[in-house]
2 protein chains.
Amino acid sequence: MDETFDLGAGSYYSVHDRYPVSVDCILFSLHGGELSVLLAPRKFEPHRGVPSLMGGFVKHDETLDEAAARVLWELTGLDDVYMEQVGAFGALDRDPGERVISVAYFALIKSDGVIDARVGKYDAEWVSVGRLPELKFDHPLMIERALDALHRKVAREPVAFNLLPELFTLTQAQMLYERILGRSVDKRNFRRQLLDNKCIELTDKIDKLNSRRGAAMYRFNRESYKETLKFKI
Amino acid sequence: MDETFDLGAGSYYSVHDRYPVSVDCILFSLHGGELSVLLAPRKFEPHRGVPSLMGGFVKHDETLDEAAARVLWELTGLDDVYMEQVGAFGALDRDPGERVISVAYFALIKSDGVIDARVGKYDAEWVSVGRLPELKFDHPLMIERALDALHRKVAREPVAFNLLPELFTLTQAQMLYERILGRSVDKRNFRRQLLDNKCIELTDKIDKLNSRRGAAMYRFNRESYKETLKFKI
DNA sequence: ACAAAAGTGTTTGGTATACACCCATGT
DNA sequence: ACATGGGTGTATACCAAACACTTTTGT
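Let me begin by describing the structure that accompanies this report.

Reading the values: rules and limits
Residues numbered from 1 in each chain as written. Chains lettered and ligands numbered in written order. Predicted model: local features only at pLDDT ≥ 70, side-chain atom pairs only at ≥ 80, totals over all residues. Heavy atoms only, no water. Salt bridge = Lys/Arg side-chain N within 4 Å of Asp/Glu carboxyl O. Helix = DSSP H or I, 4+ residues; strand = E, 2+ residues; numbered from the N terminus. Buried < 20%, exposed > 50% of the residue type's maximum accessible area, 1.4 Å probe, protein only. Pairing = 2+ DSSP bridges. Axes fitted to C-alpha atoms, helices over the stretch in contact; angles between N-to-C directions. Contact = heavy atoms within 4.5 Å. 1 Å grid on protein atoms, 1.4 Å probe; cavity = no way out; pocket = protein on both sides within 12 Å on 5 of 7 lines; lining within 4 Å. Points joined across faces, edges and corners; volume = space filled by probe spheres on them. Nonpolar A, V, L, I, M, F, W, Y, C, P; charged D, E, K, R; others polar. Expected span 1.5 Å × (residues − 1).

This model, assessed by the stated rule, comprises 20 salt bridges over all chains. For A:Arg94, the salt bridge is made with A:Asp24, and the minimal N-O distance between the two is 3.5 Å. In this pair, A:Arg94 is assigned in the loop between strand 5 (82–89) and strand 6 (101–109) and A:Asp24 in strand 1 (residues 18–31), connecting sequence segments 70 residues apart. Both residues of the pair, A:Arg94 and A:Asp24, count as buried. A salt bridge links B:Arg219 to B:Glu201, with the shortest nitrogen-to-oxygen separation between them at 3.6 Å. A residue pair is termed long-range when its members are at least 10 positions apart, and B:Arg219 in strand 10 (residues 215–220) and B:Glu201 in strand 9 (residues 200–207) qualify at 18 residues. Here B:Arg219 falls in the partly exposed class, since its relative accessible area comes to 30%. Put simply, A:Asp24, A:Arg94 and A:Asp138 are held in one network by salt bridges that share partners.

Below, the structure written as structure tokens:
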């Protein structure tokens, strides 16, 4: 009752239940032409060996965002990665061991292939979101919510470029959007939108790996995007 | 390091930091023609007497959603209210007493005026989002995020009707959208959209309170909305 | 009669969509 | 020469926005 208003009441804290709080990270990347999620076999019971999202407990001296960034760093060696909170998950039985409240984050990893050696150490691997195995805990729900959040975000802001290498071709960008949105998009319309919105800039590099003719490479430009401030795919 | 993967590892739980987890509720309602938030004076230190969002600690036998619903019920006596999670907030110093991790929810309260007597008991009052006092903790941030979430949601799905009484006039609905979106909308276009999308249905009731002529009253209809499934204001 | 809010269609501009052929190059 | 992916404009449909007057009725 009045307990409803204990929040922040110093001496009252002790009477309240406490929980380990974890972060779970959904790492997205474009891999083998598919939007993929990084899964690693669990190293502990329960479900030892079963592919799982990466998680970690929140330490007393780090914020939720910092915890998520740390977990990501420990696994990949990457910092300066686009991350966004998906939400908090607190079902009673979401962890069979003990009640843990978890905050999910998604991260967008550039497909430069510069993932740290640590990934191999954890036997982590990229799994297409179209071919996910049955996952434990509430990880399927988390991934679903993360995909929803990604869809919504991508249609409003040009965050998808965080999934591309520094330099990329328009065809790569288009494939990325098609994978994220789950539908095919018109080549000419897509290119027009990107160029009109000035969020990418042409470089003098040519990609000759994927075609005989070669494809112009572009770079994302946050600055010129900010000026126009409209984006819609 | 390997600790990153302790998640769910039974015996390992004990070594991890534990935190009280709270929910904070941002109750939105249309009050006095303004989109408003319910604030109540804190009953405990720190900041006793200062207007604040409603919060409560998550008990061991309730989910986050249940905790939020309980806090709302304790304050208003209402159940069956539209609620949505805004996100988790875990800044280190967000609560001066002790580290508390909080999950914010927003709720949409019908402006029927049927708020329970309990509200009076807590000296709670509706404050226009345009005239919020300086709030403590990270409540300003929570409200900002809740408003963002509300904006996005309202433009995609007809959840705003949760803020209107059972029966309402088109003018009321329009005012509501104007307050939420923070801009004026065209009367004819607005009405056309609502009627075309079949998410409201005409009743035979006439509201004579706000005009001499009287205004037709409508009711939200979730069923017929589901059929058309497009909504855009 | 008049004040005050309710109600009602059409025009216009912009944006999203659909669509097909030529280009450059390595083999 | 040909196979492969890269690159380019236009016409159309639809939707959002702008816009002003008539209706009803209590006073």
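That shown, we press on.
Moving on to the sheet that holds strand 9 (residues 200–207) of chain A. Residues and elements named next belong to chain A. Within the open sheet, the three strands sit side by side as 8-10-9. Their pairing is antiparallel. This sheet does not close on itself; its edge strands, each paired only once, are strand 8 (167–169) and strand 9. Adjacent strand axes in the sheet meet at a mean angle of 45° when their direction is disregarded. Sitting on the sheet, helix 4 (residues 170–181) touches strand 8, strand 9 and strand 10 (215–220), and the angle it makes with strand 8 is about 80°.

All names here are of chain B. In the Ramachandran plot, Asp123 falls in the positive-phi region, its phi being about 55° despite a non-glycine side chain. Within the secondary structure layout, Asp123 lies in the loop between helix 2 (118–121) and strand 7 (125–128). What makes Asp123 exposed here is its relative accessible area of 52%. Here the phi dihedral of Lys198 falls at roughly 55°; this positive angle occurs in a residue that is not glycine. Looking at the element boundaries, Lys198 is found in the loop between helix 5 (187–196) and strand 9.

Let us look at the layout of surface pockets. Its boundaries defined by the atoms lining it, the largest pocket holds a volume of some 2000 Å³. As for the largest pocket, its lining consists of 49 residues, of which A:Val86, A:Arg152, B:Val86, B:Ala149 and B:Arg152 are closest to the centre. Breaking the lining of the largest pocket down by element, the ones donating at least two residues are helix 1 (64–76), strand 5 and helix 3 (139–156) of chain A together with helix 1 (64–76), strand 5 (82–89) and helix 3 (139–156) of chain B. Per-element accounting of the lining of the largest pocket gives the leading share, ten residues, to helix 3 of chain A. Of the residues belonging to the lining of the largest pocket, the class tally is 18 nonpolar, ten polar and 21 charged. In this structure, the second largest pocket occupies an estimated 400 Å³ of space. If you go around the second largest pocket, you meet 21 residues; those closest to its centre are B:Asp80, B:Lys110, B:Phe161, B:Asn162 and B:Glu166.

Attention shifts here to helix 4 of chain A. Residue and element names in this part refer to chain A. With twelve residues, helix 4 should cover 16 Å at 1.5 Å per step; its first-to-last C-alpha distance of 16 Å lies within 8% of that length. The complete set of buried residues in helix 4 reads Leu170, Ala173, Gln174, Leu176, Tyr177, Glu178, Ile180 and Leu181. One or two residues past the end of helix 4 sits Gly182, with phi positive at roughly 75°.

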